[in-house]
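Each chain is listed here by its residues.
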Amino acid sequence: MDRNKQHRQVALMRQSLFDQGLLDEQFVQLEELQDDANPNFVEEVVTLFYRDSARLILNIDQALDKSPLDFAKLDSYMHQFKGSASSIGAKKVKSECTLFREYCKAGNGEGCKRTFQQLKKEYALLRKKLESYFQLARQVGPVETACRRI
Amino acid sequence: MGSAAGEFLRLVLPEKEKAVVSDHSSSGLEELHVLAVDDSHVDRKVIERLLKISSCKVTAVESGTRALQFLGLDGEESSVGFDGLKINLIMTDYSMPGMTGYELLKKIKESKAFKKIPVVIMSSENILTRIDRCLEEGAEEFIVKPVKLSDVRRLRDFIMRGEENRKKGNNHKRKLQDDYGMSPPLSPAPSLALDCEISSLLLPSSSSSSSPECRPSKRPRLWVED
C-alpha cells in the first residue's frame, strides 16, 4: 500500500536524523508528549526554536562585528542558544554552541567566528531536514515511534 | 484488666484507621497548581506541556518580576484577595535576565504568604556551588535541564504526598508511632534531605520532632520511592 510505503519513508527520515547525530534523546522525549489532542506539539516547539534562533543569530552576528569583542555578551547569547537547542534535542547545533562558549572563555575571537559559521551551517541543515520531515509526516498522518533506536 | 484495656485499644484503632482512610479518600485528587518561570519560549512551552500531561494546572511566566507580580509580592504587601490563589509548586529557571531564579527563590522564602511553597530550580548547568547555594536558600530540588517527564511526575507525586500529609496532619504521625510502637529518635537522619513532615511519613524511624524551619541538607535530595 502506498500509505505503508510513505509511513516507512517518514520513519526512515526520522531515524536518519538520529543516525546522523542531528538529534538526540530529548527529541524523543518531546515526541512522547504528543497525543491526539496535541498532534503537532513537537513541530510547535521546533517552530519556537526557529524563532528564538533567528533572533539570537542576528544578535550574535552583530556582536561578532564589533571590536573589541564582548565575550561576556557573546557567551550569554550562546548560553540561550544552547539552552533551546538542548530543549529540542538538536545535538549537533548544541555541540557547536558548547565549542563557541569555550572559545569565548578563552577570549579567542577567531575561534568564535569560525565556530559560529559552522554553527549557522549546522542550524540551516537541521532546519531544512526537520521541515521536510514534518511536512511529510503531516501528509502521512501520525507515525508510530515504536522504533526508538537512536 | 490489662488485657481488657489492650482489647479496648485494639477495638478503637481500626476505627481510627477507617477515619483516616475515609478522610484520605474524601480529600480527593485536587489539581496541583504550578507556577513555572522561564525566560525561554521553548522551555516555557515544554514545561507547560510536561505539567499539563501530569494533570497539573500551569501558570507560565517569563521572568522573576512577572512571577512576583502574579504572586502579589511586587511591593504590595497587603494580601487582598489571596484566598483564591493556591500555588502548590514553583519551578524556576536559574539563569534569567534581570532577576535570577536564585533571587526569586530568596524573595519567595522571605515572604510570609509563600515561603512554605516548594521551589524547584532548573538549570542547564550542573554547577555544584550553584546547586548548594540554591538548596541552602531553601530550594526543594535542583533539576538539570532539559527537564523530563519523569522529573515532573516525581515532583508531582512528592507534592501530592505533602499535601495529603498536611491534610491528615498530626493524626497520621501518631498513627505511625502507634503502629510501630516507637518514639522518634532524637537525631534526624543526616543523609536524607527530605522535608521533615514528609520524612516522618516515608521513614517512620526518622525524627518527627520537626520544626517547620528544619533546613534541608546541602546534598541534593534523595528520592526514596521508585
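The coordinates are above.
Caption draft 1: Fine view of the overall build of chain B. Broken down by element type, chain B carries 8 helices and 5 strands. Classification of the 226 residues of chain B by burial places 42% in the buried group. For chain B, contacts bridging at least 24 residues in sequence account for 66% of all contacts bridging at least 6. For chain B, the exposed surface amounts to about 12,500 Å²; the carbon and sulfur share of it is 53%.

Caption draft 2: Looking closely at helix α2 (residues 41-53) of chain B. Along its 13 residues, α2(B) runs 18 Å from first to last C-alpha, staying within 8% of the 18 Å computed at 1.5 Å per residue. With a side-chain oxygen positioned 3.3 Å from the backbone nitrogen of Val42(B), the residue opening α2(B) is Ser40(B).

Caption draft 3: Summary view of the packing of aromatic side chains. A complete count under the given rule lists 7 aromatic pairs over all chains for this structure. Aromatic pair Phe18(A) and Phe27(A): ring centres 6.1 Å apart, planes at 70 degrees, arrangement edge-to-face. Taking the relative accessible area as the measure of exposure, Phe18(A) reaches 4% and is therefore buried. The rings of Phe49(A), Tyr50(A), Phe81(A) and Tyr123(A) are connected pair by pair, giving a single aromatic cluster. The side chain of Arg49(B) reaches across the aromatic face of Phe41(A), ending 5.8 Å from its centre. When the ring centre of Tyr102(B) is taken as reference, the NZ or CZ atom of Arg133(B) above it lies at 4.9 Å.

Caption draft 4: Examining the sheet that holds strand β2 (residues 56-61) of chain B more closely. Residues and elements named next belong to chain B. Taking strand neighbours across the sheet as the criterion, the 5 strands line up as β2-β1-β3-β4-β5 in an open arrangement whose pairing is parallel. Either end of the sheet is taken by a strand with one partner, and the two such strands are β2 and β5 (141-144). On average, each strand axis in the sheet is inclined to that of its neighbour by 20 degrees, with strand direction left out of account. Across the sheet, α2 touches β1 (32-37), β2, β3 (89-93) and β4 (119-123), and the angle it forms with β2 is around 165 degrees. Sitting on the sheet, helix α3 (residues 64-71) is in contact with β1, β2 and β3, with an inclination near 150 degrees to β1.

Caption draft 5: Representation of the environment of Arg130(B) within the structure. The residue Arg130(B) is located in helix α5 (residues 128-136) in this model. Not counting residues within four places of it along the chain, the set of residues in contact with Arg130(B) comprises Tyr94(B), Ser95(B), Ser123(B), Glu125(B) and Phe142(B).

Caption draft 6: Expanded view of the interface of chain B and chain A. Contact with chain B, which involves 15 residues of that partner, is made by 20 residues of chain A. Across the chain B/chain A interface, buried area totals approximately 1,500 Å², and carbon plus sulfur atoms make up 61% of it. Counting the surface chain B buries against chain A, the share from its top three residues, Val42(B), Lys45(B) and Arg49(B), is 39%. Where chain B packs against chain A, one counts 3 salt bridges. The partner of Asp35(A) in a salt bridge is Arg49(B), and the shortest N-O contact between them spans 3.0 Å. The interface formed by chain B and chain A holds 6 residue pairs in polar contact (both at pLDDT 80 or more) in total. Of all the elements, α2(B) adds the most residues to the side of chain B that touches chain A, at 8 residues. Along the lines of polarity and charge, the residues of the side of chain B that touches chain A split into 6 nonpolar, 4 polar and 5 charged.

Caption draft 7: Region of the structure containing the state of the cysteines. Residues and elements named next belong to chain A. For the coordinates displayed, the defined rule picks out 0 disulfides over all chains. Looking at the unpaired Cys-97, the closest cysteine sulfur is the one in Cys-104, lying at 11 Å. Taking relative accessible area as the criterion, Cys-97 reaches 0% and is therefore assigned buried. With no disulfide partner, Cys-112 has as its closest neighbouring cysteine sulfur the one in Cys-104, 3.8 Å distant.

Caption draft 8: Focus on the pattern of salt bridges. This structure, assessed with the given rule, holds 19 salt bridges over all chains. Across the pair Arg14(A) and Glu31(A) runs a salt bridge, and its minimum N-O distance is 2.8 Å. Here Glu31(A) lies in helix α2 (residues 25-31) and Arg14(A) lies in helix α1 (residues 2-19), a separation of 17 residues in the sequence. You'll find Arg14(A) and Glu31(A) in the same group, each marked buried. In this structure, Arg154(B) engages Asp151(B) in a salt bridge whose closest nitrogen and oxygen atoms are separated by 3.7 Å. Remark: Asp151(B) and Arg154(B) occur in helix α6 (residues 149-168); sequence separation between them is 3 residues, near one turn of the helix. The buried category is assigned to Asp151(B), whose relative accessible area is 13%. Each of Asp75(A), Arg101(A), Glu125(B) and Arg130(B) takes part in salt bridges that share partners, so that together they form one network.

Caption draft 9: Looking closely at the pairing of β4(B). All names here are of chain B. In terms of residue burial, β4 counts as a mostly covered element, since 5 of its 5 residues are buried. Burial of the side chains of β4 extends over both faces: Val-119, Ile-121 and Ser-123 are buried on one face and Val-120 and Met-122 on the other. Here β3 runs beside β4; their pairing, made up of 4 bridges, is parallel. Paired with Met-91 across the two strands is Val-120, which belongs to β4. The β-α-β motif built from β3, the intervening helix α4 (residues 101-110) and the parallel element β4 has right-handed crossover chirality. Pairing geometry for β4 and β5, over 4 bridges, is parallel. If you follow Ser-123 over to β5, its bridge partner there is Val-144. Where the polypeptide runs from β4 across α5 and back to β5, its parallel neighbour, the crossover connection is right-handed.

Conventions adopted
Residues numbered from 1 in each chain as written. Chains lettered and ligands numbered in written order. Predicted model: local features only at pLDDT ≥ 70, side-chain atom pairs only at ≥ 80, totals over all residues. Heavy atoms only, no water. Helix = DSSP H or I, 4+ residues; strand = E, 2+ residues; numbered from the N terminus. Buried < 20%, exposed > 50% of the residue type's maximum accessible area, 1.4 Å probe, protein only. Contact = heavy atoms within 4.5 Å. Areas by Shrake-Rupley, 256 points an atom, 1.4 Å probe, with all protein chains shown as cover. Expected span 1.5 Å × (residues − 1). Polar contact = N/O pair within 3.5 Å; in protein donor to acceptor, adjacent residues only side chain to side chain. Phe/Tyr/Trp six-rings, centres within 6.5 Å; stacked < 30°, edge-to-face > 60°. Lys NZ or Arg CZ within 6 Å of the ring centre and 35° of its normal. Pairing = 2+ DSSP bridges. Axes fitted to C-alpha atoms, helices over the stretch in contact; angles between N-to-C directions. Buried area = accessible area lost by both parts, 1.4 Å probe. Salt bridge = Lys/Arg side-chain N within 4 Å of Asp/Glu carboxyl O. Nonpolar A, V, L, I, M, F, W, Y, C, P; charged D, E, K, R; others polar. Disulfide = S-S within 2.5 Å. Right-handed = clockwise from strand over helix to strand, strands pointing away.

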